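# Inside the fold
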Amino acid sequence: MTRRGETIELAVLGLLHEAPMHGYELRKRLNLMLGWGRVLSYGSLYPALKKMLRTGLIEELTTTTPASRRPRIVYQVTDAGTEEFSRLMSEVGPTAWEDDNFDIRFAFFSSTDMEIRLRVLEGRRTRLQERLARVQQDLERTQAEVDRYAGELQRHGVESVEREVRWLSDLIRAERGESPGQISSSSPVTSTDQ
């Protein structure tokens, strides 16, 4: 399955874990969850739903409402889907903290064990710190070569990553029960941890 397909599957299972929904409601909630930069079309959602139906992760229910005589298809998660959602949420490898999956996983953190949450948050922070170091090196090397606008765009990227690293550090400290200014002896101190 493609990475985008896995992301959609995780998001659908998580939403249906909360309550059964029809396709329109799923798409609306997924678009809110994915953010304005990654709008999900029906052309992506319905093939994912059909695949999940074939594999037994979800099932269809047909309902009618008093306002409409037209039957409406509602999707709900199956026991196999609940198990798959739990399995996906317990994974702590690199795909858990990459850009494509992190936001979706974070949205369902309340369904995740604290140790797994910490490993995902720490993995994401480490990945962003590595990215930040590369971008800062590139910025220093190319600052004389780029025009003002390209330089501003690079600076904006650095500030965005620094802000997310600080946010992640605060979340990690909160998960550990530490106050925002307190740093545990088990976490490395970096310039972005302040």
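Up top is the structure these notes are about.
Please read these numbers as outputs of a predicted model, since none were measured by experiment.

Turning our attention to the overall build of the protein. Within the protein, the regular secondary structure consists of eight helices and three strands. When the helices and strands of the protein are listed from N to C terminus, the series reads α-β-α-α-β-β-α-α-α-α-α. Per-residue burial over the protein gives 36% buried out of 194 residues. Sequence-distant contacts, at least 24 apart, represent 56% of the contacts inside the protein between residues at least 6 apart. Total accessible area on the protein is roughly 11,500 Å²; 52% of this is exposed by carbon and sulfur atoms.

Here the focus is the sheet that holds strand E2 (residues 58-65). Ordered in space as E1-E3-E2, the three strands form an open sheet in which the pairing is antiparallel. Every other strand in the sheet has two partners, leaving strand E1 (21-22) and E2 as the edge strands with one partner each. Where E1 meets strand E3 (residues 68-77), two bridges bridge the pair, whose relative direction is antiparallel. The residue of E3 that forms the bridge with histidine 22 is valine 74.

Let's shift gears to the environment of isoleucine 8. Relative to the assigned elements, isoleucine 8 resides in helix H1 (residues 3-18). A residue is classified by how much of its surface remains accessible, and isoleucine 8, at 8% relative accessible area, is buried. Residues isoleucine 8 and leucine 45, 37 residues apart in the sequence, show an inter-C-alpha distance of 7.4 Å. Look past the residues within four positions of isoleucine 8 in its chain and what remains in contact with it is Leu40, Ser44 and Ala48.

All chains considered together, the criterion is met by four aromatic pairs. Arranged with centres 5.6 Å apart and planes meeting at 85°, the rings of phenylalanine 85 and phenylalanine 108 form a pair that is edge-to-face. In this pair, phenylalanine 85 sits in helix H4 (residues 79-90) while phenylalanine 108 sits in the loop between helix H6 (99-107) and helix H7 (114-142), placing the two residues 23 residues apart along the sequence. Across the pair, exposure class does not vary: phenylalanine 85 and phenylalanine 108 are buried alike. Summarising the aromatic geometry, the rings of phenylalanine 106 and phenylalanine 109 are spaced 5.1 Å apart at their centres and angled 50° between planes, so their arrangement reads as tilted. In this structure an aromatic cluster arises from ring pairing among Phe102, Phe106, Phe109 and Trp167.

What follows is about the pattern of salt bridges. Applying the stated criterion across every chain yields a total of 16 salt bridges. Measuring nitrogen to oxygen at the nearest pair gives 3.6 Å for the salt bridge that ties glutamate 25 to lysine 28. One end of the pair is glutamate 25 and the other is lysine 28, both in helix H2 (residues 23-34) and three residues apart, which spans about a single turn. For lysine 28, a relative accessible area of 40% translates into the label partly exposed. Residue arginine 87 pairs with glutamate 84 through a salt bridge whose shortest N-O separation is 2.7 Å. Placement of both arginine 87 and glutamate 84 in helix H4 is noted, with a separation of three residues, approximately one turn of the helix.

The rules behind the values
Residues numbered from 1 in each chain as written. Predicted model: local features only at pLDDT ≥ 70, side-chain atom pairs only at ≥ 80, totals over all residues. Heavy atoms only, no water. Helix = DSSP H or I, 4+ residues; strand = E, 2+ residues; numbered from the N terminus. Buried < 20%, exposed > 50% of the residue type's maximum accessible area, 1.4 Å probe, protein only. Contact = heavy atoms within 4.5 Å. Areas by Shrake-Rupley, 256 points an atom, 1.4 Å probe, with all protein chains shown as cover. Pairing = 2+ DSSP bridges. Phe/Tyr/Trp six-rings, centres within 6.5 Å; stacked < 30°, edge-to-face > 60°. Salt bridge = Lys/Arg side-chain N within 4 Å of Asp/Glu carboxyl O.

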